[in-house]
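Architecture and fold: a report
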Amino acid sequence: MAAIQYYDVILKPIVTEKSMNAMSEKKYTFQVHTEATKNQIKEAVEKMFEGTKVKSVNTMNLEGKKRRRGMTVGKTAKSKKAIVTLTEDSKDIEIFEGL
């Protein structure tokens, strides 16, 4: 596969009640590319959101769920989540501000 650029790493933010509560601790949750590494995720967040400094990145690989439609059995696509913790002196991420 071709090298993943930083703007291809973060796919979308995950907005749930649990992730919104974690924002008070400067933890932000994103859905990321399935082959992205922790270093690539850290670099992407720091480049896409000016003034942010990443303290740590935790990732989770989510397997696809089995789904049926009549007799046909299939699986949904696998995905990857990343919880990014920012440093204390870092700016907040603006896309989560109005939520």
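In this report, the structure presented in the accompanying data block is examined.

Moving on: the overall build of the protein. Each helix and strand in the protein was counted, giving three helices and six strands. Written out in order from the N terminus, the α and β elements of the protein read α-β-α-β-α-β-β-β-β. Based on the C-alpha atoms only, the size of the protein along its principal axes is roughly 55 × 35 × 20 Å. Expressed as a percentage of the 99 residues in the protein, the buried residues total 29%. Across the protein, contacts joining residues at least 24 apart in sequence account for 62% of those joining residues at least 6 apart. For the protein, the accessible surface area stands at approximately 7,000 Å², while carbon and sulfur atoms represent 49% of it.

Secondary-structure assignment places Val73 in strand β5 (residues 72-75). Judged by its relative accessible area of 56%, Val73 falls in the exposed class. Ignoring sequence-local partners within four residues, the contact set of Val73 consists of Arg67 and Arg68.

Attention now moves to the pattern of salt bridges. One pass over the structure, following the stated rule, counts four salt bridges. Note that Glu25 is salt-bridged to Lys27, the shortest N-O span being 3.9 Å. Relative accessible area serves as the criterion here: at 51%, Glu25 is assigned to the exposed category. For Lys27, a relative accessible area of 30% puts it in the partly exposed group. Its salt-bridge partner being Asp89, residue Lys53 comes within 3.9 Å of it at the nearest N-O pair. Here the residue Lys53 occupies a position in the loop between α3 (38-48) and β3 (54-62), and Asp89 occupies one in the segment after β6 (79-86), the gap between them amounting to 36 residues. Note on Lys53: relative accessible area 47%, which makes it partly exposed.

It is worth spelling out the side chain of Lys26 at this point. Within the secondary structure, Lys26 is located in the loop between α2 (17-22) and β2 (27-32). Residue classification places Lys26 among the buried positions, given a relative accessible area of 16%. A distance of 3.5 Å separates the side chain of Lys26 from the backbone oxygen of Glu88, its partner in a polar contact. Excluding residues within four positions of it along the chain, Lys26 makes contact with Val84, Thr85, Leu86, Thr87, Glu88, Ser90 and Asp92.

Aromatic rings in a pair are described by how distant their centres are and how their planes are angled relative to each other. One pass over the structure, following the stated rule, counts two aromatic pairs. With 5.4 Å between their ring centres and 75° between their planes, Tyr6 and Tyr7 make a pair best called edge-to-face. Judged by relative accessible area, which is 31%, Tyr6 ranks as partly exposed. Measuring from ring centre to ring centre gives 6.1 Å for Phe30 and Phe49, while their planes differ by 20°; the resulting arrangement is stacked.

Definitions and cut-offs
- Residues numbered from 1 in each chain as written.
- Predicted model: local features only at pLDDT ≥ 70, side-chain atom pairs only at ≥ 80, totals over all residues.
- Heavy atoms only, no water.
- Helix = DSSP H or I, 4+ residues; strand = E, 2+ residues; numbered from the N terminus.
- Buried < 20%, exposed > 50% of the residue type's maximum accessible area, 1.4 Å probe, protein only.
- Contact = heavy atoms within 4.5 Å.
- Areas by Shrake-Rupley, 256 points an atom, 1.4 Å probe, with all protein chains shown as cover.
- Salt bridge = Lys/Arg side-chain N within 4 Å of Asp/Glu carboxyl O.
- Polar contact = N/O pair within 3.5 Å; in protein donor to acceptor, adjacent residues only side chain to side chain.
- Phe/Tyr/Trp six-rings, centres within 6.5 Å; stacked < 30°, edge-to-face > 60°.

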